[in-house]
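# Summary of the model geometry
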Amino acid sequence: MTSPGRPIDLSCAEALARLDDYLDREVDHRAIETIEQHLGCCGPCAEEYRYEESVVRSIRRKLAEVEIPDDLRRRVLDKLRRIDPA
Amino acid sequence: MATDPTPSTGNPDFESLLVSVLDDAYRTAHYLTGTREDAEELVQDAALLAQRGFSRFEANTNFRAWFLTILRNRFISNYRRRQRRIETVSIDDPGEHYLYHKSRDAGFPTDPEDAARYLFDRLDSDRVAEAFDRLPDEYREVCTLYFTQDLSYQDIANVLDIPVGTVRSRIHRGRRLLQHALWDIAEDYGLVGAGTDGEKR
């Protein structure tokens, strides 16, 4: 899918295929520039990117809500000292 | 005279490194094992193994990745076999950005600052954990590390002892499977679908 006015060196399909790596900054500097140039002038791809980025952030936020047991640190260190004293 | 309630292991270098990763390690253990009790036991086991093997840790390298390697190996050897999965997500590839397309088709409103907020306001952390439980093991491990830890693909590859290309493909596919599972769960619990406020506007 291409549209007039978009960079000719990256189609929407190519941009979307690289979105996951771009989101994780697992692409090189040149690729970042190319993708950002595409997202800067392609509304549908930019919208899809913003949604995907929000999904990843939301999942991380939900997983971080898991309750850490009270005194986890103390109990772990206490067990280390009892079982394997330095 | 006040006393420090936190016991010392006698190895302050190890202790400070361990304490700095303990909460995040517990979160990873929680989503790997699926129970609070197993998660705490797994973290304690890994901490003991790490203390015993600390002389092999190379200074100025990534302690978080080193400790998670120990934790993951302990999980494989002692915990994974305990788990029983009742339901798993279909491994048919649901395609890229499944939730974006489903949410758009459903007419969900989009928050400009947090595009997926409408959906995730309806999915609490237990539902998200349930989606992780539906992933096949090889995807759940990678996704658990990816979503609970601030690690690069290379660090995750080191923890799991698999090629970085495999990590990349599992993260990409795991994210797609996870999104499919999240949508299925949202439907199963009636959180989205006919009559859900905000749809088909």
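All of the points below concern the structure found in this document.

Each value, and the rule that gives it
- Residues numbered from 1 in each chain as written.
- Chains lettered and ligands numbered in written order.
- Predicted model: local features only at pLDDT ≥ 70, side-chain atom pairs only at ≥ 80, totals over all residues.
- Heavy atoms only, no water.
- Helix = DSSP H or I, 4+ residues; strand = E, 2+ residues; numbered from the N terminus.
- Buried < 20%, exposed > 50% of the residue type's maximum accessible area, 1.4 Å probe, protein only.
- Contact = heavy atoms within 4.5 Å.
- Axes fitted to C-alpha atoms, helices over the stretch in contact; angles between N-to-C directions.
- Parallel < 35°, antiparallel > 145°, perpendicular 65-115°, else oblique.
- Nonpolar A, V, L, I, M, F, W, Y, C, P; charged D, E, K, R; others polar.
- 1 Å grid on protein atoms, 1.4 Å probe; cavity = no way out; pocket = protein on both sides within 12 Å on 5 of 7 lines; lining within 4 Å.
- Points joined across faces, edges and corners; volume = space filled by probe spheres on them.
- Salt bridge = Lys/Arg side-chain N within 4 Å of Asp/Glu carboxyl O.
- Polar contact = N/O pair within 3.5 Å; in protein donor to acceptor, adjacent residues only side chain to side chain.

Right, let's talk about the overall build of chain B for a bit. Assigned secondary structure in chain B consists of nine helices and zero strands. The secondary structure elements of chain B, listed N-terminal to C-terminal, are α-α-α-α-α-α-α-α-α. Taken over 201 residues, chain B has a buried fraction of 51%. Nonlocal contacts in chain B, meaning residues at least 24 apart in sequence, comprise 73% of its contacts between residues at least 6 apart.

Here the focus is the packing of helix 7 (residues 137-148) of chain B against helix 9 (residues 164-188) of chain B. Residue and element names in this part refer to chain B. Relative orientation of the contacting elements helix 7 and helix 9 amounts to 95 degrees, with a least axis distance of 9 Å. Between helix 7 and helix 9, the angle falls in the class roughly perpendicular. Across from Glu138, Tyr139, Val142, Cys143, Tyr146 and Phe147 in helix 7, the residues of helix 9 making contact are Val167, Arg170, Ile171, Arg173, Gly174, Arg175, Leu177 and Leu178. Residues belonging to the contact of helix 7 with helix 9 are distributed by class as follows: nine nonpolar, one polar and four charged.

Before going further, it helps to examine the layout of surface pockets. All names here are of chain B. Considering only enclosed or pocket space, the second largest pocket measures out at about 250 Å³ in volume. His30, Tyr31, Ser125, Asp126 and Ala129 are, among the 13 residues lining the second largest pocket, the residues nearest its centre. Elements supplying a minimum of two residues to the lining of the second largest pocket: helix 1 (12-33) and helix 6 (125-133).

Time to look at the interface of chain B and chain A. Counting residues at the interface gives 56 residues for chain B and 42 residues for chain A. Note that arginine 57 of chain A and aspartate 114 of chain B form a salt bridge whose closest N and O atoms lie 3.6 Å from each other. Connecting chain B to chain A are 23 residue pairs in polar contact (both at pLDDT 80 or more). Only helix 1, helix 2 (36-52), helix 4 (98-106), helix 5 (117-120), helix 6, helix 7 and helix 9 of chain B provide two or more residues apiece to the side of chain B that touches chain A. Tallying contributions element by element places helix 1 of chain B first for the side of chain B that touches chain A, with ten residues.

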